[in-house]
Amino acid sequence: MAVDQKVLDRIQKLMTQAGDSGATRAESETAMGLAIKLMTTHNISLADITKEESGYEFLEVVEFGKFTLEHSLAYGIVCKFFYVRGITKPIQRPGHKRRSVLHFFGESTNVQTAIHVYKTLLNSFESLFIQHQIKTRCPQKERRAFIEGVAAGFIIKMTESLEESIRETGNVTGTGLALMSQQQKMIAKYEEFTKSQDMKLQKKKTQITQTNGSDATYAAGFNAGKNLNISKGIGASNTKAIR
């Protein structure tokens, strides 16, 4: 997909503003948030901006014993918006029950951004519910409804942001088809990568429904998710590459 030079120039300018030592923290986070929004909408990586060759990576994300609701919700979100797919590999540590490690596959910068968003969502699910408990004294049994609400609200926020950015390009159909093409290309690479290897493809949660808990708790989570701001982590990662 040919990348509009005007879009690249805009992203470069925003990233320069974000890294400006004279900028306030709020100004840096706003600039980086806008840069991420543009890069996500147009599926642009840092390689597109720097003119370096873009490649695919297979990176470790997190080790787990059980793939919980929080993991499932966060995974579904990053698959939907950040052009990655997951693979789990079992590990056995002496004296411990069998565990697994989740990895992401996709273009390098997409993977790094997805890892950042994934981990931030996991932390946010927990911290936002604790804040809600302190404020409302709701029981622990309401936790699931709240977390499902957070995920649903964040998906709406991301969808609205994506649709707005696509409209701003002035070519809704063309941009939408280009993004679909990029997604299909990534999936083809993903299937090629895993075809001859003994790996478990991680299933993603594609629909979020309120399973239990009160409507008020779910609504509180939904509002928290719509207001959740994730604006850092692009182009930087402390993750370990799996060779």
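Coordinates for the structure precede this section.
Residues numbered from 1 in each chain as written. Predicted model: local features only at pLDDT ≥ 70, side-chain atom pairs only at ≥ 80, totals over all residues. Heavy atoms only, no water.

(A) Focus on the pattern of salt bridges. Using the criterion set out here, one finds 5 salt bridges in the structure. Ionic pairing is found between Glu160 and Lys226, a salt bridge with its closest N-O pair at 3.5 Å. Within this pair, whereas Glu160 is found in helix α6 (residues 143–168), its partner Lys226 is found in helix α8 (residues 215–226), the two being separated by 66 residues in sequence. (Salt bridge = Lys/Arg side-chain N within 4 Å of Asp/Glu carboxyl O. Helix = DSSP H or I, 4+ residues; strand = E, 2+ residues; numbered from the N terminus.)

(B) Quick look at the nonpolar core. Counting 37 residues, the largest nonpolar core has Val78, Phe104, Tyr118, Leu121 and Phe125 as the members making the most contacts within it. For this core, the secondary-structure elements that each account for two or more residues are β1 (56–64), α4 (69–82), β3 (99–107), α5 (108–136) and α6. Looking at which element gives the most residues to this core, the answer is α5, with 10 residues. By size, the runner-up hydrophobic cluster in this structure holds 7 residues, among which are Ile11, Ala31, Leu38 and Met39. (Core = buried A, V, L, I, M, F, W, Y, C linked by side-chain atoms within 4.5 Å. Buried < 20%, exposed > 50% of the residue type's maximum accessible area, 1.4 Å probe, protein only.)

(C) Quick peek at unusual backbone geometry. Backbone geometry at Tyr83 places phi at a positive 55°, although glycine is not the residue there. By the element assignment, Tyr83 lies in the loop between α4 and β2 (85–91). Taking relative accessible area as the criterion, Tyr83 reaches 9% and is therefore assigned buried.

(D) Spatial organisation of the packing of aromatic side chains. Under the criterion given, the structure shown has 6 aromatic pairs. Ring centres of Tyr56 and Phe105 lie 5.5 Å apart, and the angle between their planes is 15°; on these two criteria the pair is classed as stacked. Linking Tyr56 in strand β1 with Phe105 in strand β3, this pair joins segments that are 49 residues apart in sequence. Taking the centre distance of 6.3 Å and the plane angle of 80° together, the rings of Phe67 and Tyr75 count as edge-to-face. Taking the relative accessible area as the measure of exposure, Tyr75 reaches 0% and is therefore buried. These aromatic residues form a ring-pair network of at least three members: Phe64, Phe67, Tyr75, Phe104 and Tyr118. (Phe/Tyr/Trp six-rings, centres within 6.5 Å; stacked < 30°, edge-to-face > 60°.)

(E) Spotlight on the packing of α4 against α5. At a minimum axis distance of 9 Å, the contact between α4 and α5 shows a crossing angle of 145°. Viewed along their axes, α4 and α5 form a crossing whose handedness is right-handed. Contacts from Glu70, His71, Leu73, Ala74, Tyr75, Ile77, Val78 and Phe82 in α4 reach Asn110, Thr113, Ala114, Val117, Tyr118, Leu121, Leu122 and Phe125 in α5. Looking at the contact of α4 with α5 residue by residue, the classes come out as 12 nonpolar, 3 polar and 1 charged. (Axes fitted to C-alpha atoms, helices over the stretch in contact; angles between N-to-C directions. Left-handed = near helix turned anticlockwise from the far one by under 90°. Contact = heavy atoms within 4.5 Å. Nonpolar A, V, L, I, M, F, W, Y, C, P; charged D, E, K, R; others polar.)

(F) Quick peek at the side chain of Thr217. With respect to the helices and strands, the residue Thr217 is situated in helix α8. Looking at Thr217, the relative accessible area reads 5%, which means it is buried. Not counting residues within four places of it along the chain, the set of residues in contact with Thr217 comprises His132, Glu142, Ala145 and Phe146.

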